[in-house]
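Architecture at a glance
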Amino acid sequence: MEKPAIEGGKPVREIPIFYGHQYIDEADIQAVVEVMKSDYLTCGPKIGELEQKLCALTGAKYAVVCANGTAALHMAAMTADVKEGDEVITTPITFAASANCALYCGARPVFADIDPETYNIDPEKVEAAITPRTKAVVVVDYTGQSVAMDPLREICRKHGLVLIEDGAHVIGTKYKGQPNGSLADITTFSFHPVKTVTGGEGGAVLTNNEDYYKKLLLYRTHGITRDESLMEHEPDGPWYYEQTVLGYNYRMTDMQAALLVSQLDKLPMFSRRRKEIVKRYDEAFSRLPALFVQREIPESDTTRHLYILRLVPENISIDRKRFFEALAAENVCCNVHYIPTYYFPYYEKLGYKRGICPNAEKLYEEMISLPLYYGMSDEDVESVIAAVRKIAAYYAKDGAQ
């Protein structure tokens, strides 16, 4: 890959640093080993332990853990009774699963544009997108910053819609002092390795609604129940069970659950370190005319999953692709989160066109995700800052130094 040359000197670091990485310690390893030596590798006691821990962390009444964050979103959409002919409003700046969960149910995703400074979905754009076919709104706490929950809840209440919070980025964040996870009708989490806590894979769905909780339990496990109060026929014996709806095998293993129980013990530590890194980045970049730092709403006490740096084209003579390549030449390996979902060929074939969310599309052209994870040393952080400053200064337009 051709990399823009910066004259003189050598890269700011010799060993590459990547944009995200899990942190696993001996306590995590022992937690998994104990399960592997036990009688239950799946469908065992660690599942309930993790669910109770998630409820205690978030304040939600009910938690149902599952195979991954995509499964969690699918279960959430089914629980909200999303079906063929319905519409589900969501953001284009997200992983594809936030919109795909509507497609899984036969519904149509409708994309609402983002706020150009916070990058979260704009409540006014959500309300403007509502039609008689709208069933639910899937909001995404992009980068870990909470969405503007109060206006979004009011919009959904006024129009009789289910508010689903795709909280894949948000564990550890609080909105107005309340943990995200208990604020929407349904909240989903993801535990992929680049997230703040990980189970290798894994997801969860949280709610305060008992009826939703009962549905989630069925959807997670083939639609099968052993609860006699939910059965339609008289049991044949203690072995008896029934399938009452069409569900899926979306179970989590006890090994994953054990890892997550251990990881959640470290969440305060993870959160503190991420905040330290974000603060240092903000201090370093907010004074550079070539760069724009994501704005945070005062209601959000954010545990950041991603750090987004945005180029200001008026002040820098390099585009995002070349900036990305220049960082790689400095051994700072970044990413881009995300390509607008409706840019993908699958969505194009469904009839989606570019131009429907101009704020999101402009953001995509200008943004880069910098390294951010617990295990970064102070030296790593300063290396990233040095690389960004070096490139921004080299390509700054006249008067934008």
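The rules behind each value
Residues numbered from 1 in each chain as written. Predicted model: local features only at pLDDT ≥ 70, side-chain atom pairs only at ≥ 80, totals over all residues. Heavy atoms only, no water. Helix = DSSP H or I, 4+ residues; strand = E, 2+ residues; numbered from the N terminus. Buried < 20%, exposed > 50% of the residue type's maximum accessible area, 1.4 Å probe, protein only. Contact = heavy atoms within 4.5 Å. Pairing = 2+ DSSP bridges. Lys, Arg positive; Asp, Glu negative; His and termini not counted. Salt bridge = Lys/Arg side-chain N within 4 Å of Asp/Glu carboxyl O. Axes fitted to C-alpha atoms, helices over the stretch in contact; angles between N-to-C directions. Polar contact = N/O pair within 3.5 Å; in protein donor to acceptor, adjacent residues only side chain to side chain.

With that settled, the discussion passes to the environment of P235. Relative to the helices and strands, P235 resides in the loop between β10 (224-225) and β11 (242-243). Given a relative accessible area of 24%, P235 falls into the partly exposed group. Distance in space between the C-alpha atoms of P235 and V336 is 54 Å, their sequence separation being 101 residues. Those residues in contact with P235, other than ones at most four positions away along the chain, are E228 and Y240.

So, about the pairing of strand β1 (residues 62-66). The element β1 is largely enclosed, with a buried count of 5 among its 5 residues. As defined by bridge partners, β1 adjoins strand β9 (residues 203-207) across 5 bridges and the pair is classed as antiparallel. Bridge pairing in β9 links Y62 to T207.

Next up on the list: the side chain of E165. Relative to the helices and strands, E165 is located in strand β5 (residues 162-166). As a buried residue without a salt bridge, E165 has its nearest oppositely charged side chain in R153, at a separation of 8.2 Å. In contact with E165, not counting residues within four places along its chain, are V139, D141, M149, V170, N180, G181, A184, I186, T187 and T188.

A word on the sheet that holds β5. Across the sheet, 7 strands lie side by side as β1-β9-β8-β5-β4-β2-β3; this open sheet has mixed pairing. Looking at the sheet topology across the chains shown, the edges are occupied by β1 and β3 (108-111). Taken pair by pair, the neighbouring strands of this sheet meet at an average axis angle of 20°, ignoring direction. Set on the sheet, helix α2 (residues 45-58) makes contact with β1, β8 (186-190) and β9; between it and β1 the angle comes to about 130°.

Here H169 lies in the loop between β5 and β6 (174-175). Of the polar contacts made by the side chain of H169, one reaches the side chain of Y338; its length is 2.9 Å. Setting aside residues up to four positions removed in sequence, H169 forms contacts with D141, Y142, T143, G144, K195, T303, H305, L306 and Y338.

Taken in spatial order, the 3 strands of this open sheet run β12-β14-β15, and their pairing is antiparallel. Each having just a single partner strand, β12 (291-293) and β15 (367-370) make up the two edges of the open sheet. The mean angle between the axes of side-by-side strands here comes to 35°, regardless of whether they run parallel or antiparallel. Here helix α9 (residues 267-285) sits on the sheet and contacts β12, β14 (307-311) and β15; the angle it forms with β14, its principal contact strand, is near 10°.

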